[in-house]
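# Examining the three-dimensional arrangement
Chain by chain, the residues run as shown.
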Amino acid sequence: MGCRKLDIDKIYSAFSPAKEIVDPKLFAGRREEMRSGILGLLNRGGFLAVYGLRGVGKSSIAIQLSKIAKGDTTLPNMMGLSDLLPRRGFDFIVHYYRSDTFIKDIGDLLKRILFGDENNPSLFSLTKAGDRKLEEFRRVVNVEGSTGLFGAKLGASGQEEKVYKNYVSDDLVQQFRALLGTIQKDNHQRSGLLILIDEFDTILDKTGFASIVKACSSDFIRFGVIGIGTNVAELMRDHTSIGRQIDTINVPLMPPGELHEIIKKAEHVVGHEIKFDEDAAQAIVDKSEGFPYFTHLLGKEAMVLAFERGSQRVDMRDIEELSRKISEGRLKSIYEDLYHAAVG
C-alpha cells in the first residue's frame, strides 16, 4: 500500500507555491532578513521596505514580520532571534493590505486603508468614537457639496485630475493624520500601528505616498511597503523625500541549503510518509535556481507523483516525469501560469 494511508491534503499543506507562508513552523531560511525586519520594528519612526525579484518570498517574510509585530514569538524562538525582542514583547496593531486592480493611485490606497477590506477593519474602528468619528470624517472631506469621499465637485473644466491630486495630498492627508493621532491616543498602551502595503510596485501612480508617510509617521505610526524591485529607488522613486530612516530588507535568491530546508519541512508535515531521495531533492534545488517559489511548486508536484504511484520515496523517476510535464505544458493551469510568471 506504500503511502496510501497518507491524506493527500497533507501534501498540499506541506508546500505553498500559490500563496505566502503563514505558519511560522513551515517558514524556512531567511534568518538574516528576519533579523533585519525585527530591528526595523524596533526603529521608532522608521519605514520598512521589502524588495526583491518575483518568487523569492517577499510576501512570506512580510507576513511573518506582521505576526512578530503582533506578538507571535514562534519564529524568533526557532531562529534564535528572541534576544532581539523587547522584554515586554511587541504588541502592534497591524493592517496588512495587498494592492490589486482596484488600487490605481494613492487616493485609492488611502481609501482602502481608511475603510478597510476583507482582512482589515476600518481605521475608525480603532478609535473609541468609532462610527461617530467616521461620520465626522465624512463631513470634513466633503467639498463643495460633493457626496464623494475622495473627490471634489467639478464642472466641465476638465481639471478633475489636478484637483483630485491636490485634494488628496493636502486636506485629506491632514485629516488622515488627525485620525491617526486619535488612534494613537486611544491605543497608547500598544506598541504602535503598523501599516504594510504588499505588491506596492503594481500601483500605477504613486504620487503623494511619500508625502503621506512623511506627514503621518511617528514613533507610534509606522509604514512599510513590499514589492518587486532590485533596490528601494526602483520600488519607490521618491523614497528620499520621506525624510526618515528606511529599514531596507533586500530579499536575494535563496541559497541551496535553505531550499533543501523547504523540502525537509515538507517531509515533516506529511509525517515522513513520503521522503525525497537525495538526488531527487538536489535536482529540485538545482531547477529552482534560488527561487523558493520553484522549490514549493516542483516539490509539491513531485510528491504528488510519488503519492499517485503509491511510493514512499520521491525519486528521479518523479523528477523526470515532472520535467516532461513542464516541457509539455501539462502542469495544472494555475501553477503553470505562476511558474512562467516567476520565470519572467
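Look up: the structure comes first, before these words.
Presented here is an overview of the structure given in this document. (Residues numbered from 1 in each chain as written. Predicted model: local features only at pLDDT ≥ 70, side-chain atom pairs only at ≥ 80, totals over all residues. Heavy atoms only, no water.)

### Focus: the sheet that holds strand 3 (residues 192-198)
As a general point, the strands of a sheet are linked pairwise by backbone hydrogen bonds and lie either parallel or antiparallel. Test applied: DSSP-based pairing: two strands are paired if at least 2 bridges between them are found. Strands here are runs of E lasting at least two residues and helices are runs of H or I lasting at least four, both read from the DSSP assignment and numbered beginning at the N terminus. Note on definitions: angles span 0 to 180 degrees between N-to-C directions of axes, and those axes are lines fitted to C-alpha atoms, for helices only across the stretch in contact. What makes two residues a contact is simply this: any of their non-hydrogen atoms within 4.5 Å.
Spatially, five strands are ordered 2-3-4-1-5 in an open sheet, and the strand pairing comes out parallel. One side of each edge strand has no neighbouring strand; the edge strands of this open sheet are strand 2 (92-98) and strand 5 (246-251). Strand-to-strand twist of the sheet, defined as the mean angle between neighbouring strand axes without regard to direction, takes the value 15 degrees. In this structure, strand 1 (residues 47-52) lies alongside strand 5, joined through six bridges in parallel fashion. Bridge pairing links Leu-48 to Asp-247 in strand 5. Against the sheet, helix 2 (residues 31-42) makes contact with strand 1, strand 2, strand 3, strand 4 (221-228) and strand 5, and its axis sits at roughly 165 degrees relative to strand 5, the strand it touches most. Helix-sheet contacts for helix 3 (residues 58-69) involve strand 1, strand 2, strand 3, strand 4 and strand 5, and the interaxial angle to strand 2 is about 160 degrees.

### Notes on the side chain of Ser-60
Considering the arrangement of structural elements, one finds Ser-60 in helix 3. Leaving out residues up to four positions away in the same chain, Ser-60 has contacts with Glu-20, Ile-21 and Phe-27.

### Focus on the environment of Leu-6
Along the polypeptide, Leu-6 turns up in the segment before helix 1 (8-14). As a C-alpha pair, Leu-6 and Ile-274 span 268 residues in sequence and 8.7 Å in three-dimensional space. Setting aside residues no more than four positions away along its own chain, Leu-6 makes contact with Ile-11, Val-270, Glu-273, Ile-274 and Phe-307.

### A few points about the pattern of salt bridges
Put simply, the rule is: The term salt bridge refers to a pairing of a side-chain nitrogen on Lys or Arg with a carboxyl oxygen on Asp or Glu at a separation within 4 Å. Three labels apply to residues, based on accessible area from a 1.4 Å probe with only protein chains included: buried if under 20% of the type maximum, exposed if over 50%, partly exposed otherwise in between.
In this structure the tally under the stated criterion is 16 salt bridges. Measuring nitrogen to oxygen at the nearest pair gives 2.9 Å for the salt bridge that ties Arg-313 to Asp-277. Note that Arg-313 is positioned in strand 7 (residues 313-314) and Asp-277 in the loop between strand 6 (275-276) and helix 11 (278-288), a separation of 36 residues in sequence. Under the relative-accessibility criterion, Arg-313 is labelled partly exposed at 36%. Look at Asp-277 and you get partly exposed, because its relative accessible area is 22%. Of the charged contacts in the structure, one is a salt bridge between Asp-315 and Arg-317, with a shortest N-O distance of 2.8 Å. Judged by relative accessible area, which is 12%, Asp-315 ranks as buried. For Arg-317, a relative accessible area of 53% translates into the label exposed. If you follow the salt bridges from partner to partner, you end up with Glu-20, Arg-98, Asp-198 and Glu-199 in one network.

### Re the environment of Ile-262
For Ile-262, the location among the structural elements is in helix 10 (residues 256-269). C-alpha separation for the pair Ile-262 and Ala-28, spaced 234 residues apart in sequence, amounts to 5.6 Å. Discounting chain neighbours no more than four positions away, the residues touching Ile-262 are Phe-15, Ala-28, Met-254, Pro-292, Thr-295 and His-296.

### Here's the deal with helix 8 (residues 209-216)
For helix 8, the tally of buried residues reaches six of eight residues, placing the bulk of the element in the interior. Among the residues making up helix 8, those that are buried are Phe-209, Ala-210, Ile-212, Val-213, Ala-215 and Cys-216.

### A word on the packing of aromatic side chains
Defined as follows: Think of it this way: a Phe, Tyr or Trp ring, Trp meaning its six-membered ring, pairs with another when their centres are within 6.5 Å, and the plane angle makes it stacked under 30 degrees, edge-to-face over 60, tilted otherwise. Here, a charge over a ring means that NZ of Lys or CZ of Arg falls within 6 Å of the ring centre while also lying within 35 degrees of the ring normal.
Considering all chains together, one arrives at seven aromatic pairs under this definition. Taken together, the aromatic side chains of Phe-47, Phe-200 and Phe-209 make up a single cluster linked through ring pairs. It is Lys-206 that lies over the ring of Phe-200; its NZ or CZ is 5.6 Å from the centre.

### Observations regarding unusual backbone geometry
Backbone phi values are negative for most residues with the exception of glycine, while trans is the configuration of most peptide bonds. With phi around 60 degrees, Arg-30 is a residue other than glycine that occupies positive phi space. Inspection of the secondary structure puts Arg-30 in the loop between helix 1 and helix 2. Although it is not a glycine, Glu-289 adopts a positive phi angle of roughly 50 degrees. In this structure, Glu-289 sits in the loop between helix 11 and helix 12 (292-308). Relative accessible area serves as the criterion here: at 58%, Glu-289 is assigned to the exposed category.

### A look at the pairing of strand 2
The element strand 2 is extensively covered by neighbouring structure, given that six of its seven residues are classed as buried. When strand 2 meets strand 3, the two strands line up parallel, connected through seven bridges. By the bridge assignment for strand 3, Val-94 is matched with Leu-194.

### Some details on the pairing of strand 3
Just so we agree on the cut-off: A right-handed crossover is one whose linking path, passing over the helix from the first strand to the second, runs clockwise when the strands point away from the viewer.
A large share of strand 3 lies buried, amounting to seven of its seven residues. With burial as the criterion, each face of strand 3 is covered, one bearing Gly-192, Leu-194, Leu-196 and Asp-198 and the other bearing Leu-193, Ile-195 and Ile-197. In this structure, strand 3 lies alongside strand 4, joined through five bridges in parallel fashion. When the sheet's bridge partners are listed, Leu-194 is paired in strand 4 with Arg-222. Running through helix 8, the crossover from strand 3 to the neighbouring parallel element strand 4 is right-handed.

### Things to note about the layout of surface pockets
We apply this condition: The definitions used throughout rest on a 1 Å grid laid over the protein atoms alone, on which a cavity is an enclosed set of points accommodating a 1.4 Å probe that cannot get out and a pocket is an open set flanked by protein within 12 Å on both sides along at least five of seven lines; lining residues are those having an atom within 4 Å of a point. Grid points are joined across faces, edges and corners, and a volume is the space filled by probe spheres set on the points. Residues are grouped as follows: Ala, Val, Leu, Ile, Met, Phe, Trp, Tyr, Cys and Pro are nonpolar; Asp, Glu, Lys and Arg are charged; every other residue, Gly included, is polar.
There is about 800 Å³ of room inside the largest pocket. Secondary structure elements with two or more residues in the lining of the largest pocket: helix 3, strand 4, helix 12 and helix 14 (333-343). Top contributing element to the lining of the largest pocket by residue count: helix 3, with four residues. Grouping the constituent residues of the lining of the largest pocket by class yields 17 nonpolar, eight polar and nine charged. Of the pockets and cavities examined, the second largest pocket occupies roughly 350 Å³. In this structure, the second largest pocket is lined by 17 residues; those nearest its centre are Ile-63, Tyr-96, Arg-98, Asn-119 and Asn-120. The biggest single contributor to the lining of the second largest pocket is strand 2, with four residues. Tallied by class, the residues present in the lining of the second largest pocket amount to five nonpolar, four polar and eight charged.

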